[in-house]
Amino acid sequence: SIKNTYHGRILSHFKNCTVRSSIRPLLFLGYNPRLIPMMIDGVPAMVKCFAFLPELLQQQQQSKQVFGIILIAKIACAHVDLPESYSAIEKVQTP
């Protein structure tokens, strides 16, 4: 289907980017949060996002901060067995 082709191309692009460089620049550009579950399932390197959480939360644009919170929450829920999951969730606190 067209949807599967679209998803396959997105995942292929992200996988190629993570192989050639870091996933960090892709995160700071942001993308539709509805794609996050697909990215977590299809791109194993997404767990590296835990390392960029402080930077994501310090972004000036609120939409990027919210994106970071959603991203980390989804990754942590998908990878509850990783110690980084718990510590990342602890860092995301509201005042």
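Conventions and cut-offs
- Residues numbered from 1 in each chain as written.
- Predicted model: local features only at pLDDT ≥ 70, side-chain atom pairs only at ≥ 80, totals over all residues.
- Heavy atoms only, no water.
- Helix = DSSP H or I, 4+ residues; strand = E, 2+ residues; numbered from the N terminus.
- Buried < 20%, exposed > 50% of the residue type's maximum accessible area, 1.4 Å probe, protein only.
- Contact = heavy atoms within 4.5 Å.
- Areas by Shrake-Rupley, 256 points an atom, 1.4 Å probe, with all protein chains shown as cover.
- Core = buried A, V, L, I, M, F, W, Y, C linked by side-chain atoms within 4.5 Å.
- pLDDT = per-residue confidence, 0-100.

1. Thoughts on the overall build of the chain
For the chain, the count of helices and strands is six helices and zero strands. The linear arrangement of helices and strands in the chain, starting from the amino end, is α-α-α-α-α-α. Across the 95 residues that make up the chain, the buried fraction comes to 34%. Long-range contacts, defined as pairs at least 24 residues apart, comprise 66% of the intrachain contacts of the chain with a sequence gap of at least 6. If you sum the accessible surface of the chain, you get close to 6300 Å²; carbon and sulfur atoms cover 57% of it.

2. Looking at the environment of Leu53
Structurally, Leu53 can be placed in helix H4 (residues 53-57). Residue Leu53 is classed as buried on the basis of its relative accessible area, which comes to 0%. In sequence terms Leu53 and Ile89 are 36 residues apart; their C-alpha atoms lie 9.8 Å from each other. The residues contacting Leu53, other than those within four sequence positions of it, are Gly68, Ile72, Ala88, Lys91 and Val92.

3. Quick notes on the nonpolar core
Grouped together as the largest cluster of nonpolar side chains are 23 residues, with contacts concentrated most on Leu27, Tyr31, Met39, Met46, Cys49, Leu71 and Ile75. Put simply, the parts of the chain that give this core at least two residues each are helix H2 (24-29), helix H3 (36-42), H4 and helix H5 (62-78). At five residues, H5 tops the list of elements feeding residues into this core.

4. Comments concerning the environment of Ile72
With respect to the helices and strands, the residue Ile72 is situated in helix H5. When its relative accessible area of 0% is taken as the criterion, Ile72 is described as buried. Once the C-alpha coordinates of Ile72 and Ile36 are considered, the two residues, 36 residues apart in sequence, prove to be 9.7 Å apart.

5. So, the confidence of the model for the chain
When the pLDDT values of the chain are averaged, the result is 77; 76% of them are 70 or greater. No element of the chain has a lower mean pLDDT than helix H1 (residues 2-20), at 64, and none a higher one than H5, at 87.

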